[in-house]
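Okay, here's what each chain looks like letter by letter:
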Amino acid sequence: MVMCIDMMNGNPQSIDFSDVDAIVVGSGFAGSVVARELAERADKKVVIFEQRSHIGGNAYDEFDETGVLVHRYGPHIFHTVMHRVHAYLSRFTAWYDYSHEVLADIHGVYTPVPFNLNSIELHFGEEKATALKDKLVTTFGMDNKVPIIELRSQDDPLLSELADFVYRNVFLYYTQKQWGLAPEDVDPSVTARVPVLVGRDNRYFQDTYQGMPLDGYTPLFKNLLDHPNITVYTSLNASDVLEFVSSGGEVDDAPFSDVYVNGTPFDGKVIYTGPLDILCGKRFGLLPYRSLDFAYKSFAHTHVLPCGTVNYTVSEDYTRITEYTWLTGQQLDHTTIMEEYPRSFEDLAGQVPYYAILNSKNEEHYQRYRALFCKLPQFYVLGRLAEYRYYNMDQIVDRALRLAEELCEEQA
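Residues numbered from 1 in each chain as written. Predicted model: local features only at pLDDT ≥ 70, side-chain atom pairs only at ≥ 80, totals over all residues. Heavy atoms only, no water.

Caption draft 1: Looking closely at the sheet that holds strand E8 (residues 102-106). If you walk across this open sheet you meet the seven strands as E9-E8-E19-E20-E21-E18-E22, and the pairing is mixed. In this open sheet, the two edge strands, each paired with only one partner strand, are strand E9 (109-113) and strand E22 (355-356). Pairing of strand E19 (residues 309-311) with strand E20 (residues 320-323), which is carried by three bridges, proceeds in the antiparallel orientation. In the strand pairing of E20, Thr309 is matched with Thr322. (Pairing = 2+ DSSP bridges. Helix = DSSP H or I, 4+ residues; strand = E, 2+ residues; numbered from the N terminus.)

Structure representation (structure tokens):
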């Protein structure tokens, strides 16, 4: 049974760790999957520290005041090509058969994204559209995805015209809003996520497995953490219990040599899924992130959008609107939408770091924090924040399973 204990008014010093084998910081997919595997496969006693008042990390969902199931930290749509990941999560949830579709509002024309052959027909005359489609198929092959950067590098005038249209109307303003950067300053791993699809599949993802947890993500996490070897403490900052001590004294860059829990040395495993700069007291300054603000609105209509998400690529201050009843399949006479406003992360109260801003300078900044833990062989970083990377949910589950396999094999 999951023990979600609210420590907000409790005393962290009263926790007994004498029989704890592993501490996991964070109860999102990274932390929860590792905790379950250690508890189930290796019979380890695992304690999870969760800073928030709930489990599930950014995938947490709940019913709003109108009865619509909403994702409180932005839309999370499950998709993967990895059978193992889908099969693993299917142990803890049934699925609602949902394939996500996204439209871009391009000067009032709802346009499928990724931009595809159907999109071309909406924005180019019949003769030009036919020529563009033929050129794309001939150059790249049917049903292939072409990153916008690669398309822009083509010498062909026809492809250059298409690339320029997509760049200006789908990529440019949206990217500036999302990242607060000029497009040329955005890491290639991010721009690669904005392709042109040489095909007619209007789904946002073409992965083998797609869907939404039938009862929601939060019940999935409750099932995932429902094991007698797992104890979850919510509303508890890891820094209130964990202490990392350096043998180098007050030297800022001196690596940590020991881990203490409630003032007592801890020689078990620590799997950390949060931001390293916060764990280290921001000694080298904040790592740069993008954050998000959300505005929820309810309507007395079945739907107000034509699909799950509409991106605003040439207008509006928000990047996109998501309508949750499309995602969940709820049959209601009302609906809830959520507007998404990107902003810089300044470590303000209640602000969440969502996306690492990837470039060489920030990577060096991150590695300076990472080096502090180089002498702690039982300390592991896992996940978007701890690794300062962008991962989809399925990638996180896969990485968590791989780490758990390594840890379980060590005990074999």
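Caption draft 2: View of the side chain of Thr313. Topologically, Thr313 is positioned in the loop between E19 and E20. Residue class for Thr313 comes out buried when judged on its relative accessible area of 2%. Separated by 2.6 Å, the side chain of Thr313 and the backbone oxygen of Asn169 make a polar contact. With sequence-adjacent residues up to four places away left out, Thr313 is seen in contact with Ala104, Asp105, Ile106, Asn169, Val170, Tyr173 and Tyr174. (Buried < 20%, exposed > 50% of the residue type's maximum accessible area, 1.4 Å probe, protein only. Polar contact = N/O pair within 3.5 Å; in protein donor to acceptor, adjacent residues only side chain to side chain. Contact = heavy atoms within 4.5 Å.)

Caption draft 3: Up close: the packing of helix H4 (residues 126-140) against helix H6 (residues 157-179). With their axes 10 Å apart at the nearest point, H4 and H6 run at an angle of 105° to one another. As the angle between them shows, H4 and H6 are arranged roughly perpendicular. Here Lys128, Ala131, Leu132, Lys135, Leu136, Thr139 and Phe140 of H4 come into contact with H6, specifically with Leu158, Leu159, Glu161 and Leu162. Here the residues of the contact of H4 with H6 are counted per class, giving seven nonpolar, one polar and three charged. (Axes fitted to C-alpha atoms, helices over the stretch in contact; angles between N-to-C directions. Parallel < 35°, antiparallel > 145°, perpendicular 65-115°, else oblique. Nonpolar A, V, L, I, M, F, W, Y, C, P; charged D, E, K, R; others polar.)

Caption draft 4: Just the pairing of strand E17 (residues 269-272), in detail. Here E17 shows no split at all, with Lys269 and Ile271 on one side and Val270 and Tyr272 on the other all buried. Pairing of strand E2 (residues 22-25) with E17, which is carried by four bridges, proceeds in the parallel orientation. Note on E17: the bridge partner recorded for Val24 is Ile271. Pairing of E17 with strand E23 (residues 379-381) involves three bridges; the strand directions are parallel. Across the sheet, Tyr272 pairs through a bridge with Val381, a residue of E23.

Caption draft 5: Expanded view of the nonpolar core. In this structure, Phe49, Leu242, Phe373 and Phe379 are the most contacted members of the largest nonpolar core, which totals 48 residues. Apart from the residues lying within four places of it in its own chain, the contact partners of Phe379 are Phe244, Val270, Tyr272, Leu276, Leu279 and Phe373. Counting 47 residues, the second-largest nonpolar core is a separate cluster that includes Ile48, Leu220, Leu382 and Val397. (Core = buried A, V, L, I, M, F, W, Y, C linked by side-chain atoms within 4.5 Å.)

Caption draft 6: Inspection of the packing of aromatic side chains at higher detail. What the rule picks out here adds up to 26 aromatic pairs. Ring pairs connect the aromatic residues Trp179, Phe294, Tyr354, Tyr355 and Tyr390, which therefore count as one cluster. In this structure, Arg72 is placed above the aromatic ring of Tyr296, and the distance from its NZ or CZ to the ring centre is 4.9 Å. Its end group placed over the ring of Tyr167, Arg152 keeps NZ or CZ at 3.6 Å from the ring centre. (Phe/Tyr/Trp six-rings, centres within 6.5 Å; stacked < 30°, edge-to-face > 60°. Lys NZ or Arg CZ within 6 Å of the ring centre and 35° of its normal.)

Caption draft 7: The pattern of salt bridges, seen in detail. Applying the stated criterion to the full structure yields 20 salt bridges. The salt bridge involving Glu40 is made with Arg91; its shortest N-O contact spans 3.0 Å. Residue Glu40 is located in helix H1 (residues 29-41), and its partner Arg91 is located in the loop between helix H2 (83-89) and strand E7 (95-96); the two are separated by 51 residues in the primary sequence. Judged by its relative accessible area of 32%, Glu40 falls in the partly exposed class. In this structure, Asp347 engages Lys282 in a salt bridge whose closest nitrogen and oxygen atoms are separated by 2.7 Å. One end of the pair, Asp347, is in the loop between strand E21 (335-344) and E22; the other, Lys282, is in the loop between helix H9 (276-279) and strand E18 (289-299), and 65 residues separate them in sequence. (Salt bridge = Lys/Arg side-chain N within 4 Å of Asp/Glu carboxyl O.)

Caption draft 8: Geometry of the environment of Leu136. Its place among the elements puts Leu136 in helix H4. As for Leu136 and Ala356, which are separated by 220 residues in sequence, their C-alpha atoms are 33 Å apart. Other than its neighbours up to four places away in sequence, Leu136 contacts Leu117, Ile120, Gly141, Leu151, Leu159, Leu162, Val196 and Val198.

Caption draft 9: Looking closely at the environment of Lys45. Its location among the elements puts Lys45 in the loop between H1 and strand E3 (46-49). For Lys45, a relative accessible area of 36% puts it in the partly exposed group. Counting along the chain gives 186 residues from Lys45 to Thr231, while the straight-line C-alpha distance between them is 8.2 Å. Contacts of Lys45, omitting those with residues within four sequence positions, involve Asp19, Val20, Asp21, Ala22 and Asn229. For Lys45, the side chain forms a polar contact with the side chain of Asn229, separated by 3.1 Å.

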